[in-house]
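Observations on chain architecture
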Amino acid sequence: SLFAEPVQLTVLHVNDTHGHVWSFDKDIGGFARIATIVNDVKAEVEKKGGHVLFLHAGDVNTGVPESDQLDAIPDFVALHYMGADAMVLGNHEFDIPLNTLKMQQRYAGFPFLSANFVDKNLYPIFDPYIVKDFGDLKVGIIGLTTEQTTVLESLYLENNMFSSAYEALNDYMPVLKEKSDIQIVLSHLGYYSGNKPNLPVGYTTSNEIALNRNDIALIVDGHSHTLLENPEMINNTILTQSGEWGKYVGRVDMWIEDGRVIDWKAQQIPVNSQIKEDPFIKMIADMYYNMGAEKLNEKVGVTNVYLDGERNHVRSGETNLGHLIVDSMVWKTDSDFGFMNGGGIRASIDKGDISYRDILTVLPFGNTVYVMKLNGNTVKEVLDFAATIPDGQGAKLHVSGVTFEIVDGKANNIMINGEPLDINKVYNVATNNYLASGGDGYKMLKGLNGYDTGFVAADVLKEYIMHLGTIENSNIEKRIIVKN
Ligand code: ATP
Ligand code: ZN
């Protein structure tokens with residue numbers, strides 16, 4: 001192809017949309033606006049003979065009640081009609097059972113990629129990669145999911161696991177290079193340049209891939225919710241990520257000759273009121289919104305105090321909302337005591353009326369309440385582990401019916417309903433299915449004697465608030481005393 005012109009490939013991308021099909025904060029985001037951007041860019045680029053890909057870098061699931069209650073079908077149906085070409089599985093795609101995820105893919109119609117989500121024989125469960133053939137250009141796209149998913153979302157993995165994303169890339173790149181002219185990594189790994197508290201050494205990051213390989217044209221990343229306003233070229237690889245919630249659509253234009261990017265530019269397009277809404281996608285979004293509105297607007301109770309679910313607060317200590325939630329779990333199951341992870345509390349509730357929507361915003365994961373039979377020794381082990389959790393991590397514990405002191409990273413003076421912990425006794429303990437299955441590092445709970453009550457934690461909280469009627473109690477008498 002001696003006199004061939006370079007081929008233009010434009011990649012549009014979003015990541016971590018987390019249920020944000022509808023615009024929020026008045027005029028930010030919304031899939032109907034994103035659709036307009038996609039359509040306009042397609043028209044512009046294709047007129048010049050170029051090609052456009054629209055990619056989602058993972059975490060479609062979890063975060064907005066209207067989406068959550070319909071298992072993100074609004075999101076996937078909209079993305080289908082927006083012409084999405086592929087997505088990579090994010091960790092939050094495992095907030096739901098594997099069968100639901102497969103159902104979502106049927107609605108979406110586009111491939112869900114992950115080269116490192118594998119069964120026990122290390123065989124990938126979804127497509128590891130795809131090749132998009134534009135005639136004059138074949139684009140290989142490989143999907144990589146953060147290995148953190150094993151720890152963060154261990155609930156619904158069944159017998160499957162996440163192998164090293166870095167090694168999966170090594171394994172698949174040779175085949176992909178044979179089948180395509182250029183290669184793109186669609187990754188839900190995250191961009192972490194410095195030390196990130198929640199990311200222990202050993203997890204693959206997108207910047208690490210860019211640094212260590214020079215045969216990948218582009219990494220479209222997600223997971224860390226990073227807005228790379230000026231996508232970087234690291235060592236021959238363009239690296240981009242578009243923040244979160246569809247506030248921006250990333251656009252990367254590349255000009256390709258003989259499998260090499262000879263020129264490129266990139267930008268982040270703000271999704272705001274300046275962008276008009278695509279009427280068809282708007283119609284789909286509105287239809288789904290109205291389906292659940294009545295149920296979500298239902299008034300559940302009143303609170304005379306601010307119920308604190310602030311991320312920094314629930315991950316560094318106890319709050320009144322944390323107490324209320326664990327109290328509800330113990331109340332409903334009549335357990336001896338209970339505990340849950342602060343990271344499972346995702347929002348606050350303002351003073352005033354409480355709607356069901358408010359509750360689902362606080363507890364979006366669809367967790368169920370577990371009752372476990374734990375002997376005193378295991379209780380001690382759990383609380384000792386909780387005592388080692390540094391501030392800022394989701395594993396921070398909130399409790400009800402138990403008090404203890406943290407001294408030198410150990411749980412001391414453990415009292416169950418005012419009585420000292422008896423290590424020979426077996427207690428009925430309420431928790432969520434996330435911790436019961438060993439999530440957030442509580443590995444000692446995995447496989448222990450317990451049963452899933454099937455009660456959805458959000459509904460239990462709703463019932464408890466209805467039972468209380470009005471929440472007056474602003475007391476946050478400490479249940480966990482940190483002594484050092
Ligand atoms: P991203 O949206 O990019 O994947 P994230 O929200 O998962 O990020 P963090 O905000 O750090 O990442 O939250 C992780 C914490 O969220 C976990 O440590 C855990 O406490 C909590 N969490 C995640 N999934 C669940 C779940 N299914 N049930 C209960 N808690 C969960
Ligand atoms: Zn993620």
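Residues numbered from 1 in each chain as written. Chains lettered and ligands numbered in written order. Predicted model: local features only at pLDDT ≥ 70, side-chain atom pairs only at ≥ 80, totals over all residues. Heavy atoms only, no water.

1. Examining the overall build of the chain
For clarity, the cut-off: The secondary structure listing takes helices from DSSP runs of H or I that are at least 4 residues long and strands from runs of E that are at least 2 residues long, numbered from the N terminus. Computation of the radius of gyration draws on C-alpha atoms alone. For the globule rule, the value is 2.2 Å times the number of residues to the power 0.38. Burial classes follow relative accessibility: with a 1.4 Å probe on protein chains only, a residue under 20% of its type's maximum area counts as buried, one over 50% as exposed, and anything between as partly exposed. We call two residues contacting when some pair of their heavy atoms lies within 4.5 Å. In this description, accessible areas are obtained by the Shrake-Rupley approach with a 1.4 Å probe, and a residue is regarded as covered only by the protein chains that are shown. When charges are tallied, Lys and Arg are placed among the positive residues and Asp and Glu among the negative ones, while His and the ends of the chain are skipped. Taken as the charge location is NZ of Lys, CZ of Arg, CG of Asp or CD of Glu.
Counting its secondary structure elements, the chain contains 14 helices and 26 strands. What you see for the chain is a C-alpha radius of gyration of 24 Å, in line with the 23 Å of a compact globule of 484 residues. Each principal axis of the C-alpha atoms in the chain carries an extent, and together these give about 85 × 45 × 35 Å. Across the 484 residues that make up the chain, the buried fraction comes to 58%. Sequence-distant contacts, at least 24 apart, represent 76% of the contacts inside the chain between residues at least 6 apart. As displayed, the chain offers around 20,300 Å² of accessible surface, 48% of which is attributable to carbon and sulfur atoms. Computed over 39 positive and 63 negative side-chain charges, the separation of the two mean positions in the chain equals 1 Å.

2. Considering the site of ligand 1
Test applied: By convention in this text, a residue qualifies as near a molecule or strand provided that one of its non-hydrogen atoms is within 4 Å of it. Counted as a polar contact is a pair of N or O atoms within 3.5 Å, where, for protein atoms, one must be capable of donating a hydrogen and the other of accepting one, and residues adjacent in sequence contribute only when both atoms are in side chains. Any residue outside Ala, Val, Leu, Ile, Met, Phe, Trp, Tyr, Cys, Pro, Asp, Glu, Lys and Arg is labelled polar, Gly included; the first ten of those are nonpolar and the last four are charged.
Near ligand 1 you find 22 residues, and of these His 18, His 92, His 223, Arg 346 and Asp 440 are the closest. A distance of 2.7 Å separates an oxygen atom of ligand 1 from a polar side-chain atom of Asp 59. In the model, an oxygen atom of ligand 1 is placed 2.8 Å from a nitrogen or oxygen of the Arg 311 side chain. Coverage of ligand 1 by the protein amounts to 94% of the 630 Å² it exposes when considered alone. Taken together, the residues of the shell around ligand 1 sort by class into 3 nonpolar, 11 polar and 8 charged.

3. Remarks on the nonpolar core
For clarity, the cut-off: Each nonpolar core is a collection of buried residues, namely Ala, Val, Leu, Ile, Met, Phe, Trp, Tyr and Cys, held together in the definition by side-chain atoms within 4.5 Å.
Core analysis: the largest hydrophobic core is formed by 46 residues, its most contacted members being Ile 34, Phe 54, Phe 76, Leu 79, Met 82 and Phe 112. At the level of elements, β1 (7–14), α1 (31–47), β2 (51–56), α3 (73–81), α4 (98–108) and α8 (279–297) are the ones that each hand at least two residues to this core. Broken down by element, this core gets its largest block of residues, 8 residues, from α1. Contact partners of Phe 76, with chain neighbours within four places excluded, come to Val 60, Asn 61, Met 87, Gln 104, Tyr 107, Ala 108, Phe 110 and Phe 112. Met 340, Tyr 356, Leu 363 and Ala 458 belong to the second-largest nonpolar core, a separate cluster that totals 30 residues.

4. Considerations on unusual backbone geometry
Most peptide bonds are trans, and most residues other than glycine sit at a negative phi. Of note in this structure, His 18 is not a glycine but carries a positive phi near 45 degrees. Inspection of the secondary structure puts His 18 in the loop between β1 and α1. Owing to a relative accessible area of 8%, His 18 belongs among the buried residues under this scheme. With a phi close to 90 degrees, His 223 is a non-glycine residue in the positive phi region. His 223 gets classed as buried once you look at its relative accessible area, which sits at 11%.

5. A few points about the environment of Gly 222
Examined against the element boundaries, Gly 222 turns out to sit in the loop between β10 (218–221) and β11 (232–234). Gly 222 gets classed as buried once you look at its relative accessible area, which sits at 0%. Along the chain, Gly 222 and Asn 160 lie 62 residues apart, while their C-alpha atoms are 22 Å from each other.

6. Comments concerning the sheet that holds strand β7 (residues 138–145)
Note the following rule: When DSSP finds two or more bridges between a pair of strands, those strands are recorded as paired. To get an axis, a line is fitted to the C-alpha atoms, and for a helix only the part in contact is used. The angle between two axes follows their N-to-C directions and goes from 0 to 180 degrees.
Strands sit in the order β6-β7-β9-β10-β12-β11 across an open sheet of 6 strands; the sheet is mixed. Only two strands of the sheet have a single neighbouring strand rather than two, namely β6 (129–133) and β11. Ignoring which end each strand starts from, the neighbouring axes of this sheet average 25 degrees apart. Strand direction decides the pairing type here: β10 and strand β12 (residues 237–241), joined by 4 bridges, are parallel.

7. Section: the coordination of the zinc ion (ligand 2)
Short version of the rule: Donor criterion used throughout: N, O or S atom within 2.8 Å of the metal, extended to 3.2 Å for Na, K and Ca. Water excluded; incomplete-looking sites may result.
Looking at the zinc ion (ligand 2), one finds its protein donor set to be Asp 59 (OD), Asn 91 (OD1), His 188 (NE2) and His 223 (ND1), positioned 2.1 to 2.3 Å from the metal centre. Considered as a linear motif, the donors of the zinc ion (ligand 2) on their single chain read D-x31-N-x96-H-x34-H. Here Asp 59, found in the loop between β2 and α2 (65–68), pairs with Asn 91, found in the loop between β3 (86–88) and α4; they are 32 residues apart in sequence, far enough to count as distant. For the residue pair Asp 59 and Asn 91, the accessibility class agrees, reading buried in each case.

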